[in-house]
Amino acid sequence: MTMDGGTRAPEVRRLRLHVRGAVQGVGFRPYVYGLATRYRLGGFVANDPDGVVIEVEGERAADFITALPLEKPPLARIDDISVHPVGTVAGEGFCIRASEQGRVSTRIVADAATCKECLRELFDPSSRFHRYPFINCTHCGPRYTIAERLPYDRAATAMKGFAMCRACADDYADPDSRRFHAEAIACPDCGPRLSHEVADIAAAIAGGSIVAIKGLGGYQLLCDARDDEVVRRLRQRKQRDQKPFAVMVASVEAVADIAEAETAELALLESTPRPIVLLRSRDRLAPAIAPQLSRLGVMLPVAPLHHLIFDALNVAHARVGDSWAIVATSANPGGEPLLIDNRQAERRLAGIADLIVTHNRDIVTRADDSVAAIVAGRMQFIRRARGYVPEPVRLARPVPPILSVGGALKATVTVTRGNEAFVSQHIGDLDTAEGVRFFEETVDHLLATLDVEPVVVAHDLHPNMASTRFAEASGKRLIAVQHHHAHAASVMAEHGIAGPALALVLDGFGHGSDGGNWGGELLACDGAAFRRLGHLAPMKMPGGDRAAREPWRMAASVLHGLGRGDIIAARFDAQPQAPRLCAMLEQPGVPTTTSAGRLFDAAAGLLGLCPVQSYEGEAAMKLEALVRTPRIAQDGWIVEDGVLSLAPLFERLAGASLDRTERAELFHGTLAAACTDWIGRMARETGITTIALSGGCFLNAVLSDEIARGCIAAGLSPLLPRQMPPNDGGLSLGQAWVAALTLLEQQDLEGTA
């Protein structure tokens, strides 16, 4: 057939597309419908077990395919589009079909903060959603925390008990609506309800009360962040002596009043996941918010209720000269998982909160607020949870299905499926029965949601961890992965490399391959194997684990190592055990460690900063808070046979000629320079130029920045963790990658046998 002028008409073909990625529950089908209608194509779109299937037929099908990834909805992520020709079906319009059931291999997207369109409707008196605390659409609102299983349909979410009213049902069924197939759609006529009026919540906060509210991933505690008395009361009731609280402000404009923020930090604050972002404090809030720390955890409103509370505070309780800032911290009794159940919250929080605000939409999966910072110019996680989970890490190649169970602190679990690794939300520490239950719930939920049956379970080498015992009870084949190797592999996995790479792992504690107490390690990693090339000089830990909680003991150990044990008793005269410590250090069999974390403790102890820690990392954080410009003691370290000693630096720190700030800056600058020198020597010796930097000490922004820049200046390629935290929250990903490489190497060997 030809068109006027003799030009041949375009061939009409029908094409089938399979789109994989985060494409369900994000408005992808109505987007496809609108695009197909624009190009006057016939066909259909439907959810299927792999993502979304599309068939298009018409002259402009090629234009449709070109445009498809360019204008996608804000929460959608396309990983792959495959296109195949199929037989034509004449005379058909374009429609949206029902979901196709089957084995699930797509995913749920993370919860998202209230979008601008919903925010406008929230405060629009003419909108049917006016001041409704559960407003949402396909671009925002709860997802992972309300989903029971896949496919992501309303019947498989916490919304299944709320029958839609006529207006919501019409929106849900209308492809032109922003709420087409928004599974959490609800309005004041048919949706969830709060137990208290917003005005009462705001009045309680303004009146100096502590309020618990049910957030997206669990209960939060709120109070006035400028009122030191109420913040101290919150600390007392929550039994949280010094650990910093996060604060929430109404808008990005209000941030400047309480913290210094650069462009990248403001962008991170405003991003859809709405993490808590660490910013340099202006010290304008209650001193009890973040005692002796230079950085403040700041977040913007996440849910509609947060916006409504700030609106009520600003209207009915306006402050002259000061914007409102409120503490927003997890509502969990000390060390336990986040509370999500209404009855439990009312019972467990009765002694903490003066007002407990519930609602009748269940939280299926708890998720703490994520915490992040800009480090070495890019985002770094401190805690990865709400807003980011369950977004997967793309692996360099498809791997067998693996479950890895992480460590004992800041626990996460990972499940692999194809070339994706799904790392769970932050679970926390596994030292309580409640923590272990949450860990087990998370494993079950992740495996069920992803529809995966693992062939192996990877775990830490330490035999006495709760996660190791869980792995041993699974009945599956086990692969044990050394702690610091897992730290290194976590960074390598997210950067898509199997090796060879050098890895500097600066950490608190990990069970070594030799059964020792490791923590400051230089490793060579290649495939599933690693070699220990070097480590920090061993230090004695007087009192064993007590030394990890009492930095003055590590300082005493350093003094003893320098031959100055005679001054320990006088230097630490406030500690009852100090007179006996020198004799204890002289005895045979005192535990030793190569831990970088204990190195920080020793430095803080020598500065008299934090004799006893009330939370993990307190001494190191308070030491970092003193630093403005790192300084280097050029003769401050020695490297011999792969062992890095900082004894000359500690000789300087033990003296009284420098003030605290100068000594803190000298410690940070010299440690970073020493590590860079150490890495450079091993790089020249091995010829390896890729450097993985990991371990909890890399949460220290000064150390991360200085070592990364030092490596680049030396012509090396440093890799910092970006998709995972450098601390034990990234262990499960590293375990999974080592286990995967182990299995793949075994398959290759069997294939060549």
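Residues numbered from 1 in each chain as written. Predicted model: local features only at pLDDT ≥ 70, side-chain atom pairs only at ≥ 80, totals over all residues. Heavy atoms only, no water.

Colleague: Help me out: how do you make sense of the pattern of salt bridges in this one?
Modeller: Pairs can form between side chains of opposite charge whenever their charged atoms are close. The full count for this structure, using the stated rule, is 41 salt bridges. For E71, the salt bridge identified is with R38, shortest N-O distance 2.8 Å. A residue pair is termed long-range when its members are at least 10 positions apart, and E71 in the loop between α2 (61-67) and β4 (77-86) and R38 in helix α1 (residues 28-38) qualify at 33 residues. By relative accessible area, which is 46% here, R38 ends up partly exposed. Linking R77 and D79 is a salt bridge whose minimum nitrogen-to-oxygen distance equals 3.0 Å. Here the salt bridges share partners, and the residues they tie into one network are R14, R16, E55 and E57. (Salt bridge = Lys/Arg side-chain N within 4 Å of Asp/Glu carboxyl O. Helix = DSSP H or I, 4+ residues; strand = E, 2+ residues; numbered from the N terminus. Buried < 20%, exposed > 50% of the residue type's maximum accessible area, 1.4 Å probe, protein only.)

Colleague: Got a minute to help me understand the pairing of strand β3 (residues 51-58) in this structure?
Modeller: Regular strands show a simple pattern: their side chains alternate between the two faces of the sheet. Of all eight residues in β3, eight are buried; the element is thus mostly enclosed. Across seven bridges, the pairing between strand β1 (residues 13-22) and β3 is antiparallel. Residue pairing for β3: R14 is matched across the bridge by E57. Turn length for the strand β2 (residues 42-48)-β3 hairpin, with the two strands adjacent in sequence and antiparallel, is two residues. (Pairing = 2+ DSSP bridges.)

Colleague: So what exactly am I meant to see when it comes to helix α10 (residues 433-450) here?
Modeller: Side chains three or four residues apart in an α-helix point the same way, a direct result of the helix having 3.6 residues per turn. Taking 1.5 Å as the rise per residue, α10 with 18 residues should run 26 Å; its terminal C-alpha atoms sit 26 Å apart, in good agreement. Within α10, the full set of buried residues consists of G435, F438, F439, T442, V443, H445, L446, L447, T449 and L450. Against β17 (402-404), β18 (414-423) and α11 (466-472) lie the buried residues of α10. Following α10 by one or two positions, D451 has its phi on the positive side, about 55°. (Expected span 1.5 Å × (residues − 1). Contact = heavy atoms within 4.5 Å.)

Colleague: What should I look at first to understand the sheet that holds strand β16 (residues 393-399) in this one?
Modeller: Sheets are built from strands paired through backbone hydrogen bonds, the pairs being either parallel or antiparallel. Across the sheet, which stays open at both edges, the five strands sit in the order β16-β18-β17-β19-β20 with mixed pairing between neighbours. Taken across any chain shown, the strands that pair with only one partner, and hence form the sheet edges, are β16 and β20 (477-481). Ignoring strand direction, the axes of neighbouring strands in this sheet form an average angle of 30°. Relative to β18, β16 runs antiparallel, the two sharing three bridges. Counterpart to V393 in the pairing with β18 is A421. (Axes fitted to C-alpha atoms, helices over the stretch in contact; angles between N-to-C directions.)

Colleague: Any chance you could explain the packing of helix α17 (residues 596-606) against helix α20 (residues 660-686) here in plain terms?
Modeller: In a packed pair of helices, the relevant descriptors are the angle between the two axes and the axis-to-axis distance. Contact geometry for α17 and α20: axes closest at 10 Å, N-to-C directions at 160°. The angle between the axes of α17 and α20 places the two elements in the roughly antiparallel class. Both α17 and α20 take part in a crossing whose hand is right-handed. Along the contact surface, α17 presents L599, F600, A603 and L606, while α20 presents R663, F667, H668 and L671. Taken together, the residues that form the contact of α17 with α20 break down as six nonpolar, one polar and one charged. (Parallel < 35°, antiparallel > 145°, perpendicular 65-115°, else oblique. Left-handed = near helix turned anticlockwise from the far one by under 90°. Nonpolar A, V, L, I, M, F, W, Y, C, P; charged D, E, K, R; others polar.)

Colleague: In this structure, what is going on with the side chain of R154? I would like to understand it.
Modeller: Topologically, R154 is positioned in the loop between α3 (116-122) and α4 (166-173). E183 provides the closest opposite charge to the buried, salt-bridge-free R154, at an N-O distance of 5.8 Å. At a separation of 2.9 Å, a polar atom in the side chain of R154 contacts the main-chain carbonyl oxygen of F162. Among the polar contacts made by the side chain of R154, one reaches the main-chain carbonyl oxygen of I185 at a distance of 3.0 Å. Excluding its chain neighbours within four sequence positions, the residues that come into contact with R154 are M159, K160, F162, M164, A182, E183, A184 and I185. (Lys, Arg positive; Asp, Glu negative; His and termini not counted. Polar contact = N/O pair within 3.5 Å; in protein donor to acceptor, adjacent residues only side chain to side chain.)

Colleague: Explain the sheet that holds β4 here, please?
Modeller: With respect to topology, five strands assemble into an open sheet ordered β4-β1-β3-β2-β5, the strand pairing being mixed. Only two strands of the sheet have a single neighbouring strand rather than two, namely β4 and β5 (94-96). Going from strand to strand, the sheet's axes swing by 15° on average, the running direction of each strand aside. Sheet strands touched by α1: β1, β2, β3, β4 and β5. Its angle to β5, the strand with the most contacts, is close to 175°.

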